[in-house]
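# Report on the structure
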Amino acid sequence: MLTFARPLATLLGGLVIWISPAVQAAERVTLMVGPFSRSVEVKELRSFSEGSEPQGFIKAALRLSNVPHDRARSVLANRVDIPFTLLGRLLYTDLGEAFLGRIATIFYPRHAADAGVPALRSGAILSVARSDTGKLNPVDFLESYPNKEIVVDVPRLLYFLNRLNSIEEVAEFFREPF
């Protein structure tokens, strides 16, 4: 399960780069699975990441998925160190555009899916710029996201995370001596 936390933290950290001003910050994260959806308030995620006990949907989701509270909390509290200027430059390259385009099919603004790439870029850059530590954090990203609601396509997210785990395993194989 630890291999799952690192890609999720990286992915959510990448999302932090996409966040916009707090005035228009995300208030809700809506998880979509086909025609079904459930929402969680960003302030509940912040409270949980800072150590309070999970409430409502977060509590139920952790219980159903059998994920320990500490592990989920560490994923939400993880900070990725990336210099502000490097992040800004990277997200405007062809590679950055391609990455954001893929991520925008998983995370996108409610009722404005076409605005996914600029919203992700804005959120990530603003999140790092506002951070006291200059690090990317999933909850900070959500609080900087330029739409009141961010939708997460859960099946696509799981597929993406599985692919990241596969890439990690291949990289680890080549790092090991024969």
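We now turn to the structure provided with this report. (Residues numbered from 1 in each chain as written. Predicted model: local features only at pLDDT ≥ 70, side-chain atom pairs only at ≥ 80, totals over all residues. Heavy atoms only, no water.)

## Topic: the pattern of salt bridges
- According to the stated counting rule, one finds ten salt bridges in the structure shown.
- Between Arg79 and Asp140 there is a salt bridge; the shortest N-O distance is 2.8 Å. In this pair, Arg79 sits in the loop between α4 (69–77) and β3 (80–81) while Asp140 sits in helix α8 (residues 138–144), placing the two residues 61 residues apart along the sequence.
- According to the relative accessible area criterion, Asp140 is buried, its value standing at 14%.
- Its salt-bridge partner being Arg110, residue Glu149 comes within 3.8 Å of it at the nearest N-O pair. In this pair, Glu149 is assigned in strand β6 (residues 149–153) and Arg110 in the loop between β4 (107–109) and α7 (116–130), connecting sequence segments 39 residues apart.
- Within this structure, Arg46, Glu50, Arg79, Asp140 and Glu143 form a network of salt bridges that share partners. (Salt bridge = Lys/Arg side-chain N within 4 Å of Asp/Glu carboxyl O. Helix = DSSP H or I, 4+ residues; strand = E, 2+ residues; numbered from the N terminus. Buried < 20%, exposed > 50% of the residue type's maximum accessible area, 1.4 Å probe, protein only.)

## Focus: the environment of Ser37
- Within the secondary structure, Ser37 is located in strand β2 (residues 36–41).
- Ignoring anything within four residues of it in the chain, the contact list for Ser37 reads Thr30, Leu31 and Met32. (Contact = heavy atoms within 4.5 Å.)

## Let's talk about the packing of aromatic side chains
- All chains considered together, the criterion is met by one aromatic pair.
- Taking 5.8 Å as the distance between ring centres and 65 degrees as the angle between the ring planes, the aromatic pair formed by Phe141 and Tyr145 counts as edge-to-face. The pair formed by Phe141 and Tyr145 is uniform in burial state, with each residue classed as buried.
- The positively charged end of Arg121 is found above the aromatic ring belonging to Tyr92, 4.3 Å away from the centroid. (Phe/Tyr/Trp six-rings, centres within 6.5 Å; stacked < 30°, edge-to-face > 60°. Lys NZ or Arg CZ within 6 Å of the ring centre and 35° of its normal.)

## Section: the nonpolar core
- Counting 36 residues, the largest nonpolar core has Val29, Phe107 and Leu120 as its most contacted members.
- If one sorts the elements of this core by residue count, α7 sits on top with six residues. (Core = buried A, V, L, I, M, F, W, Y, C linked by side-chain atoms within 4.5 Å.)

## Some remarks on the packing of helix α2 (residues 42–49) against α4
- With their axes 9 Å apart at the nearest point, α2 and α4 run at an angle of 110 degrees to one another. As judged from the angle between their axes, α2 and α4 are roughly perpendicular. Between α2 and α4 the crossing geometry is left-handed. Contacts between α2 and α4 pair Leu45, Phe48 and Ser49 from the former with His69, Ala72, Arg73, Leu76 and Ala77 from the latter.
- Among the residues making up the contact of α2 with α4, the classes are represented as five nonpolar, two polar and one charged. (Axes fitted to C-alpha atoms, helices over the stretch in contact; angles between N-to-C directions. Parallel < 35°, antiparallel > 145°, perpendicular 65-115°, else oblique. Left-handed = near helix turned anticlockwise from the far one by under 90°. Nonpolar A, V, L, I, M, F, W, Y, C, P; charged D, E, K, R; others polar.)

## A short note on the sheet that holds β6
- Spatially, four strands are ordered β2-β1-β6-β4 in an open sheet, and the strand pairing comes out mixed. The strands lining the two open edges of the sheet, one partner per strand, are β2 and β4. Between one strand axis and the next, the sheet turns by 25 degrees as a mean value, whatever way the strands run.
- In terms of strand pairing, strand β1 (residues 28–33) meets β6 through five bridges, oriented parallel. (Pairing = 2+ DSSP bridges.)

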